[in-house]
Amino acid sequence: MLGTVTTGQSDRSRERRRVVRVVLALGGAAAVLALAVVVVPLLRPPGPRPLFQLPVPCGEIWRLGTYPGHDDYDVDLFPTEGAAWGRPVLASHAGTVTVAGINGSLGGRTPDNPKGPRGRGGGYWVKIDHGGRWETQYLHLLEPPLVRAGQRVAQGEQLGRVGSTGNSGAPHLHYEQHRGREKVETWFDGVPSGITDDDTEYSVTLTSGNCAAGRP
């Protein structure tokens, strides 16, 4: 008999369509859940500011500065005594390392060749998530960071050493604090640094309170 479809074939076709609908529904639900996991934390307001300390050893005195073209809130740190090359760079607060690698290109400036070619970007660098949507960044490190992404670090734990990798004219530590998606004025030991914009050259001298007693 022409045009006849058996009951078995019809049932199988309906079953396939049902399976396809279920798979599509599950896929859509998974996509919505994944999007929520990413987006919802970004919509939450930042938490209270952590008690950040200078990212250098306890009791050391460093000059913090900026200059026209440096970008608002960016801070460059130079020691007031001794050479900058190789000085320890410490976590300014406890957190989880999210990036530990190379930003841009390294260039060729080293202690043995301080006038070597510049690189691009931040060179060897580290980013730390401190929770509450607060983050710090440490750039121009001398060599590969001493920490890795995903590692939990304590306040005062060494991240690397001061160098001049990336787009750097002299050995120093470039440091930033971020709240949510915004770069903000750096605070140390509960006090604002005063470095807010790069309209003029500005510097301030501070003593590090990044001491063992302050670690969580």
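Above: the structure in question.
The text that follows walks through the structure, step by step, so that each part is easy to find. (Residues numbered from 1 in each chain as written. Predicted model: local features only at pLDDT ≥ 70, side-chain atom pairs only at ≥ 80, totals over all residues. Heavy atoms only, no water.)

**Considering the overall build of the chain**
Convention followed: Secondary structure elements are defined from DSSP: runs of H or I of at least 4 residues count as helices, runs of E of at least 2 residues count as strands, and each element is numbered from the N terminus. The classification of residues rests on relative accessible area computed with a 1.4 Å probe and restricted to protein chains. Under 20% of the type maximum is buried, over 50% is exposed, and intermediate values are partly exposed. The contact criterion used throughout is that any non-hydrogen atoms of two residues lie within 4.5 Å.
On a plain count of helices and strands, the chain comes out with 1 helix and 13 strands. Listing each helix as α and each strand as β along the chain from the N terminus yields α-β-β-β-β-β-β-β-β-β-β-β-β-β. Out of the 216 residues belonging to the chain, those deemed buried represent 37%. Counting only contacts in the chain whose residues sit at least 6 apart along the sequence, the fraction spanning at least 24 positions is 69%.

**Some points on the nonpolar core**
Quick note on the threshold: As used in this record, nonpolar core signifies buried Ala, Val, Leu, Ile, Met, Phe, Trp, Tyr and Cys residues forming a set joined through side-chain atoms within 4.5 Å.
Judged by nonpolar contacts, the single largest core of 27 residues is most densely connected at Leu64, Leu77, Val126, Ile128, Tyr138 and Leu159. If you list the elements that add at least two residues to this core, you get strand S1 (61-66), strand S2 (75-79), strand S5 (120-131), strand S6 (134-141) and strand S9 (173-179). With near-sequence residues (within four places) excluded, Leu64 lies in contact with Leu54, Val75, Asp76, Leu77, Phe188, Ile195, Tyr202, Ser203, Val204 and Leu206.

**Description of the state of the cysteines**
To keep things clear, this is the line we draw: Any two cysteine sulfur atoms lying within 2.5 Å of each other are counted as a disulfide.
Scanning the model with the defined rule gives 1 disulfide in all. Between the sulfur atoms of Cys58 and its disulfide mate Cys211 the distance is 2.0 Å. Disulfide Cys58-Cys211: torsion about the S-S bond near 70°, hence right-handed. Pair noted here: Cys58 is in the loop between helix H1 (7-43) and S1 and Cys211 is in the segment after strand S13 (202-207), with a separation of 153 residues, a long-range link.

**Considering the environment of Gly119**
Looking at the element boundaries, Gly119 is found in the loop between strand S4 (95-105) and S5. Exposure remark for Gly119: the relative accessible area of 11% places this residue in the buried category. Remark: the alpha-carbon pair of Gly119 and Gly166, spanning 47 residues in sequence, is separated by 4.1 Å. Apart from residues no more than four positions distant in its own chain, Gly119 is found in contact with Ser105, Leu106, Gly107, Gly166 and Asn167.

**Section: the environment of His70**
For the record, the criterion: Any N or O atom pair separated by 3.5 Å or less is treated as a polar contact, with the protein-specific requirement of one donor-capable and one acceptor-capable atom, and with residues adjacent in sequence counted only for side-chain atom pairs.
Looking at where His70 falls in the secondary structure, it is placed in the loop between S1 and S2. As a C-alpha pair, His70 and Asp197 span 127 residues in sequence and 8.6 Å in three-dimensional space. In this structure, His70 is in contact with Gly65, Val75, Asp76, His174 and Asp198, ignoring residues within four places of it in sequence. Polar side-chain contacts of His70 include one of 3.0 Å to the side chain of Thr66. In this structure the side chain of His70 is engaged in a polar contact, spanning 3.4 Å, whose partner is the side chain of His174.

**Regarding the packing of aromatic side chains**
In this description, a pair of aromatic rings is defined by centroid distance and the angle of the planes. Heads up, the rule is: In this analysis, rings of Phe, Tyr and Trp, with Trp reduced to its six-membered ring, are considered paired at centre separations within 6.5 Å, and the interplanar angle assigns stacked below 30 degrees, edge-to-face beyond 60, and tilted for intermediate values.
This model, assessed by the stated rule, comprises 3 aromatic pairs. Ring centres of Tyr138 and Tyr175 lie 5.4 Å apart, and the angle between their planes is 70°; this geometry places the pair in the edge-to-face category. Placement of the pair is Tyr138 in strand S6 and Tyr175 in strand S9, with a sequence separation of 37 residues. The pair formed by Tyr138 and Tyr175 is uniform in burial state, with each residue classed as buried.

**Focus: the side chain of Glu135**
Here Glu135 is to be found in strand S6. In this structure the side chain of Glu135 is engaged in a polar contact, spanning 2.9 Å, whose partner is the side chain of Gln137. Beyond its immediate stretch of four places on either side in the chain, Glu135 contacts Lys127, Ile128, His130, Glu176, Gln177 and His178.

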